[in-house]
Amino acid sequence: MEKINEQIREERVMEQNLQLLTQDTFQMKSRCAIRLLTAKLKIADAELALKLGRNVILNIYSRIKSLDSIRDKCKKKGITADYAQVIEEINDIIGIRAVCAFEDDIYRLLDVLSSHRDLRILKKKDYIRNPKSSGYRSFHLIVEVPVYFQEEVCWIRAEIQLRTTAMDFWAGVDHELRYKKGRNEAVLIGEELKEYSQVVAKLDQKMVELRRRIEEI
Ligand code: 0O2
């Protein structure tokens, strides 16, 4: 009985902590970080466009993670403590995604972002050269960006995902499947999707080769 009460108490504290993420201050700061990171990506694109004679980014998407999704991730990671721990351990509360046509442009973009001195890169995860067991491919950066307010400078953490249109298409279909996990049919589809991830990788490679041939004409 005491154990159950303790669990209920812990869940209540956790819920109060999570509600802090919905407050105006947190949401405002997150939106400012998204604007800054979006601007950085657009500047990197403009700089590369001048050099290459073409844009490398086709689309930029952003989102602030929903409370339900943060709650699920806290459970998965065993986070039961306070607000600070949630902010410290959930790296993708703020997410920005840049979608490129070509795989080699992702690494060009990465080089430009790595040269920005006001961007702290905490982690790089190359799921393109080292795909996840699901077949998922993308390049992830966990970063912190300084947002200046009158009274303080806040270094705000975010996840930047860099991927090609083909990788994005694959990930979208795979995302659909994630809600059906556990069902036999879903396991089979997961295996099939993994095979298609290799098809996508091949297509990305072929498209880079094709673009290079076109550039030589
Ligand atoms: P959602 O719904 O997209 O927000 P870590 O940063 O190392 O503490 P984390 O955050 O699990 O651990 O890192 P990881 O594995 O790099 O995953 C971060 C995000 O990448 C996920 O966020 C997904 O958006 C995406 N992702 C990772 N693996 C897969 C996959 O197999 N398929 C698809 N479609 N997307 C994937 P969330 O919070 O899981 O989901």
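Please read all numbers here as calculations on a predicted model, not as lab measurements.

Asks: Any chance you could explain the packing of helix H2 (residues 24-52) against helix H5 (residues 103-115) here in plain terms?
Replies: Viewed as axis vectors pointing N to C, H2 and H5 meet at an angle of 115 degrees, and their least axial separation amounts to 10 Å. As for the relative orientation of H2 and H5, their crossing is right-handed in sense. Facing Leu41, Ala44, Glu47, Leu48 and Leu52 of H2, the residues of H5 in contact are Asp105, Arg108, Leu109, Val112 and Leu113. Per-class residue counts for the contact of H2 with H5 are 7 nonpolar, no polar and 3 charged.

Asks: Would you explain the side chain of aspartate 104 in this entry?
Replies: Relative to the helices and strands, aspartate 104 is located in helix H5. The residues touching aspartate 104, leaving out its near neighbours within four places in the chain, are Val208, Arg211 and Arg212.

Asks: Which parts of the structure should I look at to understand the packing of aromatic side chains?
Replies: How two aromatic rings sit relative to each other is set out by the distance from centre to centre and by the angle between their planes. A complete count under the given rule lists 2 aromatic pairs for this structure. Relative to phenylalanine 139, the ring of tyrosine 107 has its centre 5.9 Å away and its plane inclined at 85 degrees; by these criteria the two rings are edge-to-face. In this pair, tyrosine 107 sits in helix H5 while phenylalanine 139 sits in strand S4 (residues 139-148), placing the two residues 32 residues apart along the sequence. Per residue, the accessibility class of tyrosine 107 equals that of phenylalanine 139, and both read buried.

Asks: I keep staring at the side chain of arginine 211 and nothing clicks. Help me out?
Replies: Relative to the elements of secondary structure, arginine 211 occurs in helix H7 (residues 184-216). Taking relative accessible area as the criterion, arginine 211 reaches 7% and is therefore assigned buried. Apart from residues lying up to four places away in sequence, arginine 211 is in contact with Arg54, Phe102, Asp104, Asp105 and Arg108.

Asks: Help me understand a nonpolar patch on the surface in this model?
Replies: Together, Leu203, Met207, Leu210, Ile214 and Ile217 make up a nonpolar patch on the protein surface, roughly 520 Å² of accessible area in all. Secondary-structure assignment places isoleucine 214 in helix H7.

Asks: Quick question: what am I supposed to make of the pattern of salt bridges here?
Replies: One side chain can pair with another of opposite charge once the charged atoms of both are near each other. Going through the model one piece at a time under the given rule, you end up with 21 salt bridges. Between lysine 73 and aspartate 92 there is a salt bridge, and its shortest N-O distance comes to 3.1 Å. Taken together, the positions of lysine 73 in helix H3 (residues 67-77) and aspartate 92 in the loop between helix H4 (83-89) and strand S2 (94-100) put the pair 19 residues apart, joining distant regions of the chain. Residue classification places aspartate 92 among the buried residues on the basis of a relative accessible area of 8%. For the salt bridge of lysine 206 with glutamate 209, the shortest nitrogen-to-oxygen distance reads 3.7 Å. Of the two residues, lysine 206 and glutamate 209 are both situated in helix H7; the distance of 3 residues between them amounts to about one turn of the helix. According to the relative accessible area criterion, glutamate 209 is partly exposed, its value standing at 34%.

Calculation notes
Residues numbered from 1 in each chain as written. Predicted model: local features only at pLDDT ≥ 70, side-chain atom pairs only at ≥ 80, totals over all residues. Heavy atoms only, no water. Axes fitted to C-alpha atoms, helices over the stretch in contact; angles between N-to-C directions. Helix = DSSP H or I, 4+ residues; strand = E, 2+ residues; numbered from the N terminus. Left-handed = near helix turned anticlockwise from the far one by under 90°. Contact = heavy atoms within 4.5 Å. Nonpolar A, V, L, I, M, F, W, Y, C, P; charged D, E, K, R; others polar. Phe/Tyr/Trp six-rings, centres within 6.5 Å; stacked < 30°, edge-to-face > 60°. Buried < 20%, exposed > 50% of the residue type's maximum accessible area, 1.4 Å probe, protein only. Patch = residues over 30% accessible without salt bridge, like charges linked within 9 Å, V, L, I, M, F, W, Y side chains within 5 Å. Areas by Shrake-Rupley, 256 points an atom, 1.4 Å probe, with all protein chains shown as cover. Salt bridge = Lys/Arg side-chain N within 4 Å of Asp/Glu carboxyl O.

Purely geometric stuff here, so don't read any function into it on its own.
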